[in-house]
2 protein chains.
Amino acid sequence: MTEQIVSLDVSDVRFPTSRELDGSDAMNPEPDYSATYVTIRTGGGAEGHGLAFTIGRGNEVQAAAVAALRPLVVGRSVAELLADPGAFHRTLVGDGQLRWLGPAKGVIHMAAAAVDNALWDLAGRLAGKPVWRLLAEMSPEQLVSLVDFRYLRDALTPEEALDILRGAAPGRAERTERLLEHGYPAYTTTPGWLGYTDEKLVRLAKEAVADGFRQIKLKVGADAEADRRRLALAREAVGPDIRIAIDANQAWGVAEAIDWLRPLTPFDPYWIEEPTSPDDILGHAAIRRAVAPIRVATGEHCQNQVMFKQLLQAGAIDVLQLDASRVAGVTENVAILLLAARFGVPVCPHAGGVGLCEMVQHLAMFDYVAVSGTTENRVIEYVDHLHEHFTAPVTVRNGHYRAPLTPGLGAELHPESIAAHRYPDGPVWRELS
Amino acid sequence: MTEQIVSLDVSDVRFPTSRELDGSDAMNPEPDYSATYVTIRTGGGAEGHGLAFTIGRGNEVQAAAVAALRPLVVGRSVAELLADPGAFHRTLVGDGQLRWLGPAKGVIHMAAAAVDNALWDLAGRLAGKPVWRLLAEMSPEQLVSLVDFRYLRDALTPEEALDILRGAAPGRAERTERLLEHGYPAYTTTPGWLGYTDEKLVRLAKEAVADGFRQIKLKVGADAEADRRRLALAREAVGPDIRIAIDANQAWGVAEAIDWLRPLTPFDPYWIEEPTSPDDILGHAAIRRAVAPIRVATGEHCQNQVMFKQLLQAGAIDVLQLDASRVAGVTENVAILLLAARFGVPVCPHAGGVGLCEMVQHLAMFDYVAVSGTTENRVIEYVDHLHEHFTAPVTVRNGHYRAPLTPGLGAELHPESIAAHRYPDGPVWRELS
């Protein structure tokens, strides 16, 4: 079989979300949720779709980075890529000149994410399986071959990774059935954006509980007094049994985080997310020691597996929030799931944005079936926003993600949505300008 | 005064260095040394030049990122920018949408470096001073106002920074005189590129000592047996009193670094540079504990001040190697110099590349005059390469950088060099294609 990847197209797609203050938080006051959208095509006409999520300005820089990766993809044999996605991934993040732009972080790494995700989407479509199932049916040896252990061995060896996967193998079939029947637990961030009024917060919090969610999340970090008031209102609205996570989006320094959280403790926040710089491993560890029993969560801005490794080694986090397109795609996320399992830390993926819910559900479900083997204390973020633009949007029922059955990774946008929101020339943007 | 910044131009300039294997190392086998070159102009006709250094492919992505910063610069009042460069720097790295691309790391942060460096160049030209002197004549309070302490306070408070600067203030005039007379110690990497033959290594090592250098550096990490042979040859060539640093350019995992270094110890390497991932703070700390008395050095790929803070907090490094355009320019480097002084760790800047020698000399000299107050165990890297393209190239005599007297930061390229090496349309590249 000599079929090749014949094209890689990239589009700058932006949704003007800043007009409604959906997605507003302490550090990102006016995001325009955006996607650097990638389509790869094979000579036989098959397609794979992937994306990197950004929040507006700079999405064109992200698109330029994807274009810089094109020569590493176009012309490659499809059979070869699918036979050894780990080797392909190492060429994608290891190019001798492009790696200077990271290495393995920021714009160039998110570009690798979009391409890697598109390749997994293609793999799922060719196999006729959703990616969670494609991964969950790979052998432990195949899965371990995806991981670049160069900088991980002091925390996770190939042998340890194999042991984890082999230990989970006997229960795969049973957990797959349970997943298909019950879905995977979700939590919702919809009530808690900073830009919302108290009345809207309370109304949406009650609706979330009525809809079956057992956890909600509130944005904090802009105004200490308002945070106390909003958290008190939310706790009153949902009662003592619903978990309320709070999210500071990196607003604080270490001591500031600790001081800010103290008056919130009586309202029993379940976790504090991104209390400080996503780069501050030692800072997260110090905050965690000081604010227990509030759990510390981070990950949506965690740049790569080396940083996740250290967050785990340092005992800095209670909850690991992987992201579909911050690290370099499905392949690197398999390594991160194995690291989390090695340290016994639950993974609760970051989602929302554009297409993140669609993609991360595959990672969490694969984790349940074939890695950690449990959904205990694990939830996937859910935001009810922009799903209508996807050809296979997520389905959330009674607070659970239904397991997707459509082949691929779920990141395919409707052609009309792309055309309408293309930046700067799509009609939505021409009308705004 | 209402004079404004009226333009920000960016050029993709590349030198075809891969043809000679100058700059070859374990992770970057064939670099084409490149610059994302920035010129800002004022309404009055003054100019500032800055650059971000890359190694070839992807320099166009870097240029796109600089262009994304243009709206934050053009139209700003020159007087306002120069009165509070710290405030400008925070807008440059804190844009509510662009920061998603980092935050504060990779392509978008190096773009901020190029712009920040151009602004300091402009400031120096308007003041008629080289930037080292401009900085060294600012008050402790002005210097502290440059620093963004949000994520630093657990390691360095504004009061501690003020104490460091006030402590060094009485000796500024005397050290300035000594600097102008004697220059600042340099070391050379010219002998040690991986692509060079043994004969060339020995010859260049001897020439370096004859030229007055007291330290040289060898690249290692591709072949353990070759490293042992080359280090033995170099030690024999220079004798026991010359320091030989070695540089692995991130080639190893933690245990691998320790194993690889053991057989090299008899040849007394002074420091091991970049033994592992630049992101692996805990890994550097573990290596340092294991390989003493070999010192551990890193920094050229250290993404920002939060990472440097942790390298210092964790006791992970003996030598801090700041870079002119990896972190966000002169402004962030002032913070890094203060952090290093707070922890008593010597700063030995990374240089070479394109214009890095020209820029970092200002930082090291400012450090000597106004921060650490010493050159003990401090050296600036020197590579004799590409300086002819700059209007005010560095001068190195008898193993010392002469203090530059030309106003500005030194990153201005000759217009003919830009025209010849513009990618992909300059004549040098048209001939190669």
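These figures come from a predicted structure and were not determined experimentally. (Residues numbered from 1 in each chain as written. Chains lettered and ligands numbered in written order. Predicted model: local features only at pLDDT ≥ 70, side-chain atom pairs only at ≥ 80, totals over all residues. Heavy atoms only, no water.)

This brings us to the interface of chain A and chain B. Contact with chain A, which involves 58 residues of that partner, is made by 58 residues of chain B. Contact between chain A and chain B buries roughly 4900 Å² in total, counting both sides, with carbon and sulfur atoms accounting for 55%. Broken down residue by residue, the surface that chain A buries against chain B is led by Arg57, Gln97 and Trp100 of chain A, which jointly contribute 19%. One can count six salt bridges joining chain A with chain B. (Contact = heavy atoms within 4.5 Å. Buried area = accessible area lost by both parts, 1.4 Å probe. Salt bridge = Lys/Arg side-chain N within 4 Å of Asp/Glu carboxyl O.)

Here we take up the UniProt feature "domain: Mandelate racemase/muconate lactonizing enzyme C-terminal" (unreviewed entry) in chain A. The sites that UniProt annotates as "domain: Mandelate racemase/muconate lactonizing enzyme C-terminal" (unreviewed entry) are residues 198–294 of chain A. As a span, residues 198–294 of chain A carries 48% helix and 15% strand, and end to end its C-alpha atoms are 24 Å apart. (UniProt positions renumbered as here; feature names shortened; annotations may be inferred. Helix = DSSP H or I, 4+ residues; strand = E, 2+ residues; numbered from the N terminus.)

Moving on, we come to the relation of the copies chain A and chain B. Once chain A has been moved 0.0 Å along the axis and rotated by 180 degrees, it coincides with chain B to within an RMSD of 0.0 Å. These values place the two chain copies in the arrangement generated by a two-fold rotation axis. Scanning chain A for the C-alpha nearest the rotation axis identifies glycine 106 of chain A, at a separation of 2.5 Å. Mapped onto chain B, 100% of the interface residues of chain A again fall at the interface, so both copies present the same surface. (Least-squares fit on C-alpha atoms with pLDDT ≥ 70 in both.)

Residues and elements named next belong to chain B. In the contact formed by helix α13 (residues 305–313) and helix α14 (residues 329–343), the axes pass within 10 Å of each other and the chain directions differ by 10 degrees. On the basis of their axis angle, the class for α13 and α14 is roughly parallel. Side by side, α13 and α14 meet where Gln305, Phe308, Lys309, Leu312 and Gln313 of the first sit next to Glu332, Ala335, Ile336, Leu339, Ala340 and Phe343 of the second. Split into classes, the residues belonging to the contact of α13 with α14 amount to seven nonpolar, two polar and two charged. (Axes fitted to C-alpha atoms, helices over the stretch in contact; angles between N-to-C directions. Parallel < 35°, antiparallel > 145°, perpendicular 65-115°, else oblique. Nonpolar A, V, L, I, M, F, W, Y, C, P; charged D, E, K, R; others polar.)

Moving on: the sheet that holds strand β3 (residues 47–54) of chain B. In any sheet, the strands associate via hydrogen bonds between backbone groups, in a parallel or an antiparallel arrangement. Residue and element names in this part refer to chain B. Taken together, three strands build an open sheet; the order of strands is β1-β2-β3 and the sheet is antiparallel. Of all strands in the sheet, those with a lone pairing partner are β1 (5–14) and β3, marking the two edges. Neighbouring strand axes in the sheet, compared pairwise and without regard to direction, differ in orientation by 15 degrees on average. Relative to β3, strand β2 (residues 34–42) runs antiparallel, the two sharing eight bridges. (Pairing = 2+ DSSP bridges.)

What follows concerns the sheet that holds strand β3 (residues 47–54) of chain A. Residue and element names in this part refer to chain A. Pairing within the open sheet is antiparallel, and its three strands lie in the order β1-β2-β3. For this open sheet the edge positions go to β1 (5–14) and β3, each flanked by a neighbour on one side alone. Pairwise comparison of adjacent strand axes, ignoring direction, gives a mean angle of 15 degrees for this sheet. Taken strand by strand, helix α1 (residues 59–73) contacts β1, β2 (34–42) and β3, and its axis lies near 175 degrees from that of β1. The strands touched by helix α4 (residues 106–127) within the sheet are β1, β2 and β3, with β3 carrying the most contacts at an inclination of about 150 degrees.

Scanning all chains against the criterion turns up 16 aromatic pairs over all chains. With a centroid separation of 6.1 Å and 15 degrees between ring planes, the pair formed by phenylalanine 213 of chain B and tyrosine 382 of chain B is classed as stacked. One end of the pair, phenylalanine 213 of chain B, is in the loop between α9 (198–210) and β5 (215–219); the other, tyrosine 382 of chain B, is in strand β10 (residues 380–382), with 169 residues separating them in the sequence. Overall, phenylalanine 213 of chain B belongs to the buried group, its relative accessible area being 6%. Using a relative accessible area of 11% as the deciding quantity, one classes tyrosine 382 of chain B as buried. Considering the side-chain rings of tyrosine 423 of chain B and tryptophan 429 of chain B, the 5.2 Å spacing of their centres and the 80 degrees angle between planes classify their relative orientation as edge-to-face. Of note, arginine 14 of chain A hangs over the ring of tyrosine 423 of chain A, and the distance from its end group to the ring centre comes to 3.7 Å. The lysine or arginine in question, arginine 326 of chain B, covers the ring of tryptophan 100 of chain A, its NZ or CZ lying 5.0 Å from the ring centre. (Phe/Tyr/Trp six-rings, centres within 6.5 Å; stacked < 30°, edge-to-face > 60°. Buried < 20%, exposed > 50% of the residue type's maximum accessible area, 1.4 Å probe, protein only. Lys NZ or Arg CZ within 6 Å of the ring centre and 35° of its normal.)

All right, on to the pairing of strand β5 (residues 215–219) of chain A then. Residue and element names in this part refer to chain A. In terms of residue burial, β5 counts as a mostly covered element, since five of its five residues are buried. Of the two faces of β5, the one lined by Gln215, Lys217 and Lys219 and the one lined by Ile216 and Leu218 are each fully buried. Strand direction decides the pairing type here: strand β4 (residues 184–192) and β5, joined by two bridges, are parallel. Considered in β5, the bridge of threonine 188 is made with isoleucine 216. Each parallel crossover has a hand, and the one from β4 via helix α9 (residues 198–210) to β5 is right-handed. (Right-handed = clockwise from strand over helix to strand, strands pointing away.)

Residues and elements named next belong to chain B. Of note, the bond from glycine 102 into proline 103 is cis; its omega dihedral lies within 30 degrees of zero at -15 degrees. By secondary structure assignment, the location of proline 103 is in the loop between α3 (85–94) and α4 (106–127). Residue proline 424 is bonded to the preceding tyrosine 423 through a cis peptide linkage, with omega at 0 degrees. With respect to the helices and strands, proline 424 occurs in the loop between α16 (415–421) and α17 (427–432).

Residue and element names in this part refer to chain A. All of the buried residues in helix α3 (residues 85–94) are Pro85, Gly86, Phe88, His89 and Leu92. Axial view of α3: buried residues confined to an arc of 155 degrees, hence all on one face. Taken together, the buried residues of α3 touch α1, α2 (78–83), α4 and α14 (329–343). (Arc of directions from axis to C-beta.)

What follows deals with the state of the cysteines. Counted under the stated rule, the structure contains zero disulfides over all chains. Free cysteine: cysteine 302 of chain A, not disulfide-bonded; nearest cysteine sulfur from cysteine 348 of chain A at 15 Å. Cysteine cysteine 348 of chain B is unpaired, with the sulfur of cysteine 357 of chain B as its nearest cysteine sulfur at 14 Å. (Disulfide = S-S within 2.5 Å.)

So, on to the side chain of serine 77 of chain B. All names here are of chain B. Following the sequence through the fold, serine 77 ends up in the loop between α1 (59–69) and α2 (78–83). Judged by its relative accessible area of 17%, serine 77 is buried. Of note is the side chain of serine 77, whose polar atom sits 3.3 Å from the backbone nitrogen of alanine 79. In contact with serine 77, not counting residues within four places along its chain, are Glu3 and Gln4. (Polar contact = N/O pair within 3.5 Å; in protein donor to acceptor, adjacent residues only side chain to side chain.)

So, about the pairing of β1 of chain A. All names here are of chain A. With seven of ten residues buried, β1 is to be regarded as a mostly interior element. Relative to β2, β1 runs antiparallel, the two being bridged by nine bridges. Looking at the pairing, serine 11 lines up with tyrosine 37 of β2.

What follows covers the environment of valine 238 of chain A. Residues and elements named next belong to chain A. Tracing the backbone shows valine 238 in helix α10 (residues 224–238). With relative accessibility at 11%, the residue valine 238 sits in the buried group. C-alpha separation for the pair valine 238 and alanine 205, spaced 33 residues apart in sequence, amounts to 6.7 Å. Those residues within four positions of valine 238 in sequence are excluded, and the remaining contacts are Ala205, Val209, Ile216 and Ile244.

At 3.6 residues per turn, the α-helix brings residues three or four places apart onto the same side. All names here are of chain A. An ideal rise of 1.5 Å per residue puts 32 Å on 22 residues; α4 measures up with 31 Å between its terminal C-alpha atoms. Summarising burial for α4: 19 of the 22 residues are buried, a large majority. Just past α4, the residue glycine 128 takes up positive phi, approximately 70 degrees. (Expected span 1.5 Å × (residues − 1).)

Quick look at the nonpolar core now. Ranked by size, the top nonpolar core spans 235 residues in total, and within it Tyr401 of chain A together with Tyr401 of chain B carry the most contacts. Residue contributions to this core reach at least three from each of two domains, namely domain 1 (5–137) and domain 2 (168–416) of chain B. Membership of the second largest hydrophobic core comes to 60 residues, among which are Ala111, Val115 and Leu122 of chain A together with Val66 of chain B. (Core = buried A, V, L, I, M, F, W, Y, C linked by side-chain atoms within 4.5 Å. Domains from an automatic or database assignment.)

Another aspect to go through is the packing of α1 of chain A against α3 of chain A. Residue and element names in this part refer to chain A. It is at 10 Å that the axes of α1 and α3 come closest, and there the two elements cross at 135 degrees. Relative to α3, the element α1 lies oblique. In terms of crossing hand, the pair formed by α1 and α3 is right-handed. Here α1 contributes Leu69, Leu72 and Val73 to the contact with α3, which in turn contributes Phe88, Thr91 and Leu92. (Left-handed = near helix turned anticlockwise from the far one by under 90°.)

Counted according to the given criterion, the structure contains 52 salt bridges over all chains. For the salt bridge of lysine 219 of chain A with aspartate 247 of chain A, the shortest nitrogen-to-oxygen distance reads 2.7 Å. Within this pair, whereas lysine 219 of chain A is found in strand β5, its partner aspartate 247 of chain A is found in strand β6 (residues 243–247), the two being separated by 28 residues in sequence. The exposure classification of lysine 219 of chain A matches that of aspartate 247 of chain A, with both residues buried. Between aspartate 9 of chain B and arginine 41 of chain B there is a salt bridge, and its shortest N-O distance comes to 2.7 Å. One end of the pair, aspartate 9 of chain B, is in strand β1; the other, arginine 41 of chain B, is in strand β2, with 32 residues separating them in the sequence. Its relative accessible area of 36% is what places aspartate 9 of chain B among the partly exposed residues. One salt-bridge network, held together by shared partners, links Lys217, Lys219, Asp247, Glu273 and Glu381 of chain A.

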